[in-house]
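Next come the chains, spelled out residue by residue.
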Amino acid sequence: MSSRILIIEDETSIAELEKDYLELSGFEVELEEQGDVGLERALNEDFDLLILDLMLPGMDGFEICKRFREVKNTPIIMISAKKDDIDKIRGLGLGADDYMTKPFSPSEMVARVKAHLARYERLIGSGSPENEIIEIRGLKIDKTARRVWVNGEEKNFTTKEFDLLTFLAQNPNHVYTKEELFREIWDMDSIGDIATVTVHIKKIREKIEFNTAKPQYIETIWGVGYRFKV
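Residues numbered from 1 in each chain as written. Predicted model: local features only at pLDDT ≥ 70, side-chain atom pairs only at ≥ 80, totals over all residues. Heavy atoms only, no water.

1. Focus on the pairing of strand 8 (residues 147–150)
Of the pairings in the sheet, the one linking strand 7 (residues 139–142) to strand 8 comprises four bridges and is antiparallel in character. Bridge assignment links isoleucine 141 to a residue of strand 8, and that residue is valine 148. Here strand 8 pairs with strand 9 (residues 153–155) via three bridges, running antiparallel. In the sheet register, tryptophan 149 faces strand 9, and the bridge partner there is glutamate 154. Connecting the antiparallel pair strand 8 and strand 9 is a turn made up of two residues, with asparagine 151 showing a positive phi of about 50 degrees. (Pairing = 2+ DSSP bridges. Helix = DSSP H or I, 4+ residues; strand = E, 2+ residues; numbered from the N terminus.)

Rendered as structure tokens:
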């Protein structure tokens, strides 16, 4: 059964191009021009991935992402003509899994769609008879239930935040570059776009660290990358 994708995009030529490339790769694709209508469809219908434009009539991509993430964990790829890092940081902070800047290669978009779907399917399809737990100094990660507690208080994590935290916690005292983390968590080589990793590390620290200026879990190794300290 082919994966079902919803594209919320008001530029018809771009939406049709994305649709054509995805359908050639075997995906079932639906288009929606209005932001508010797109959100309603995304919440009430079963889609495997959303491709979300930022500037939309009815409701912008940021608000759609925020409201959708309160209910569902389906992967979101945000697409925008805005090249500013602040927009990328805001989009990822609201729960988008990826951010692509127009103009982009349709082939690259398809590759990213496949990578996000494959990872998400592995996550929801992986079951084990007993929950796998990681516990480190007040931090408890339930890999099976995909839940995190800090000193007994449960914290909410987006899909990619959880994946990144778990990967680092499973490989303590190992220094990873941003490129290595991007490749591991996003299943693709960083195409000059590793700000995504920095944003996610910042969001994770805000949730697990007592003092983000002096992190006790995820250390920055200046000039190299990050290390989970035990």
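2. With respect to the sheet that holds strand 9
Read across the open sheet, the four strands follow the order 6-7-8-9; overall the sheet is antiparallel. Looking at which strands have only one partner, the edges of the open sheet turn out to be strand 6 (133–136) and strand 9. The mean angle between the axes of side-by-side strands here comes to 20 degrees, regardless of whether they run parallel or antiparallel. (Axes fitted to C-alpha atoms, helices over the stretch in contact; angles between N-to-C directions.)

3. A short note on the UniProt feature "modified residue: 4-aspartylphosphate" (unreviewed entry) in the chain
As annotated in UniProt, the feature "modified residue: 4-aspartylphosphate" (unreviewed entry) corresponds to Asp53 in the numbering used here. Of the residues examined, aspartate 53 reaches a relative accessible area of 4% and is grouped as buried. If near-sequence neighbours (up to four positions away) are discounted, aspartate 53 is found in contact with Ile8, Glu9, Asp10, Gly61, Ile79, Ser80 and Lys102. (UniProt positions renumbered as here; feature names shortened; annotations may be inferred. Buried < 20%, exposed > 50% of the residue type's maximum accessible area, 1.4 Å probe, protein only. Contact = heavy atoms within 4.5 Å.)

4. Points about the pattern of salt bridges
Per the counting criterion, the structure on display carries 25 salt bridges. Across the pair aspartate 98 and arginine 112 runs a salt bridge whose closest N-O atoms are separated by 2.9 Å. With a gap of 14 residues between them, aspartate 98 in strand 5 (residues 98–101) and arginine 112 in helix 5 (residues 106–125) connect regions that are remote in the sequence. What makes arginine 112 buried here is its relative accessible area of 4%. In this structure, glutamate 206 and lysine 202 form a salt bridge, with 2.7 Å as the shortest nitrogen-oxygen distance. Of the two residues, glutamate 206 and lysine 202 are both situated in helix 8 (residues 195–208); the distance of four residues between them amounts to about one turn of the helix. Overall, glutamate 206 belongs to the partly exposed group, its relative accessible area being 42%. (Salt bridge = Lys/Arg side-chain N within 4 Å of Asp/Glu carboxyl O.)

5. What to know about the pairing of strand 5
Sheet topology places strand 4 (residues 76–80) next to strand 5; four bridges connect them, and they run parallel. Its bridge partner being in strand 5, isoleucine 79 is matched across the sheet by methionine 100. As for the winding sense of the linkage, the β-α-β connection from strand 4 through helix 4 (residues 85–93) to strand 5 is right-handed. (Right-handed = clockwise from strand over helix to strand, strands pointing away.)

6. Overview of the packing of helix 6 (residues 159–170) against helix 7 (residues 178–186)
Closest axis-to-axis distance for the helix 6/helix 7 pair is 10 Å, and the angle between their directions is 120 degrees. Judged by the inter-axis angle, helix 6 sits oblique to helix 7. Judged by the twist between their axes, the crossing of helix 6 over helix 7 is right-handed. Between helix 6, through Lys160, Asp163, Leu164, Phe167 and Leu168, and helix 7, the contact on the second element is made entirely by Leu181, Glu184, Ile185 and Trp186. (Parallel < 35°, antiparallel > 145°, perpendicular 65-115°, else oblique. Left-handed = near helix turned anticlockwise from the far one by under 90°.)

7. Thoughts on the side chain of aspartate 163
Secondary-structure assignment places aspartate 163 in helix 6. Aspartate 163 gets classed as buried once you look at its relative accessible area, which sits at 7%. Sequence-distant contacts of aspartate 163, that is, excluding residues within four places in its chain, are made with Arg119, Leu123, Arg146 and Ile185.

8. As for the nonpolar core
Leu139, Leu165, Ile208, Ile218 and Phe228 are the most contacted members of the largest nonpolar core, which has 28 residues in total. Of all the elements in the fold, those that place two or more residues in this core are strand 6, strand 7, strand 8, helix 6, helix 7, helix 8 and strand 12 (225–228). In this structure phenylalanine 228 touches Ile136, Leu139, Leu165, Leu168, Ala169, Pro172, Asn173, His174, Tyr217 and Ile218, once residues within four positions along its chain are discounted. If you look at the next biggest cluster of nonpolar residues, it comprises 18 residues, including Leu50, Leu52, Leu54 and Cys65. (Core = buried A, V, L, I, M, F, W, Y, C linked by side-chain atoms within 4.5 Å.)

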